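# Reading the structure
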Amino acid sequence: MSVYAVKEMFLTLQGEGLQAGRRAVFLRFAGCNLWSGREQDRADAACTFCDTDFVGTNGDGGGKFADAAALADAVRAMWDTWMEDPVDGAFVVITGGEPMLQLDTALIDALHARRIEIAVESNGTLPAVPGIDWLCISPKQGTEIVQRSGDELKLVWPQPGSDYAAMEQWDFTHRLIQPMDNASQRDNIAAAIKFVILHPKWRLSTQVHKSLGLR
Ligand code: SF4
């Protein structure tokens, strides 16, 4: 039996990628294998451009969940918010941090048993647990990507040195370029647009939730 450490959980609309615009419960697991989450460690981390707080379990809807059933019940209850008559079509986006550090078959099965479709966003350095309905992998330059198949490959751009030509040989249905959200965002957007113009196997993904004021 696992104890799951969840940073936060909230109801929103998915803001990026091919599933953008869908009503979704966001389940953010605590912890990542590529950065401690502490600013003093960022410069030396394997991933240096993170825009997410995934440390601890103190966010809205966060906490420690004793087992898969407890966490799946919480996801289902959050999905049912404002629903007079709960319907099918429940959708959870499991992210982090790095969700593959905690996601396991017990939780996949518990969510499916509650008729919840499961999307996962991972950095790809750990193998994906079977049973995920929509798998998005977002590679970070300089890391070893072991998960080279899925539904969506999302490359945050620019990441100098990224071997996008090799990534085109990986087994993904969709390939996305997403401008990096940092102080150079305007330049990053221009670079991402130029990339897609030159490499039409990729398409642009923008973080719609940020311009809409969604979480
Ligand atoms: S891999 Fe993802 S969660 Fe981890 S530090 Fe990088 S951007 Fe943040």
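Here, every reference points to the structure presented above.
A brief structural summary. (Residues numbered from 1 in each chain as written. Predicted model: local features only at pLDDT ≥ 70, side-chain atom pairs only at ≥ 80, totals over all residues. Heavy atoms only, no water.)

## Observations concerning the packing of helix 1 (residues 68-79) against helix 2 (residues 105-113)
It is at 9 Å that the axes of helix 1 and helix 2 come closest, and there the two elements cross at 40°. If you check the angle between helix 1 and helix 2, you find them oblique. The two elements helix 1 and helix 2 meet at a crossing, and its hand is right-handed. For the pair helix 1 and helix 2, contact is made by A68, A69, L71, A72 and V75 and by A106, L107, A110 and L111, respectively. Its residues assigned to classes, the contact of helix 1 with helix 2 comprises nine nonpolar, no polar and no charged. (Axes fitted to C-alpha atoms, helices over the stretch in contact; angles between N-to-C directions. Helix = DSSP H or I, 4+ residues; strand = E, 2+ residues; numbered from the N terminus. Parallel < 35°, antiparallel > 145°, perpendicular 65-115°, else oblique. Left-handed = near helix turned anticlockwise from the far one by under 90°. Contact = heavy atoms within 4.5 Å. Nonpolar A, V, L, I, M, F, W, Y, C, P; charged D, E, K, R; others polar.)

## Comments concerning helix 2
One full turn of an α-helix is made of 3.6 residues, so residues set three or four places apart face in the same direction. Within the sequence span of helix 2, burial applies to L107, I108, A110 and L111. Angularly, the buried residues of helix 2 cover 165° about the axis, an arc narrow enough to put them on a single face. Against strand 1 (4-13), strand 2 (23-29), helix 1, strand 4 (90-95) and strand 5 (116-122) lie the buried residues of helix 2. Following helix 2 by one or two positions, R115 adopts a phi angle in the positive range, close to 60°. (Buried < 20%, exposed > 50% of the residue type's maximum accessible area, 1.4 Å probe, protein only. Arc of directions from axis to C-beta.)

## Overview of the side chain of R114
Looking at the secondary structure, you find R114 in the loop between helix 2 and strand 5. Among the polar contacts made by the side chain of R114, one reaches the side chain of D73 at a distance of 2.6 Å. Contacts of R114, omitting those with residues within four sequence positions, involve A69, A72, D73 and R76. (Polar contact = N/O pair within 3.5 Å; in protein donor to acceptor, adjacent residues only side chain to side chain.)

## A few points about the pattern of salt bridges
The final tally for this structure, using the stated rule, is twelve salt bridges. Its salt-bridge partner being E117, residue R22 comes within 3.0 Å of it at the nearest N-O pair. Taken together, the residues span a long stretch of sequence, with R22 in the loop between strand 1 and strand 2 and E117 in strand 5 at a distance of 95 residues. Look at R22 and you get partly exposed, because its relative accessible area is 26%. Across the pair R76 and D80 runs a salt bridge, and its minimum N-O distance is 3.0 Å. Connected via shared salt-bridge partners are E16, E121 and K154. (Salt bridge = Lys/Arg side-chain N within 4 Å of Asp/Glu carboxyl O.)

Note that all results are geometric; they support no functional claim without further evidence.
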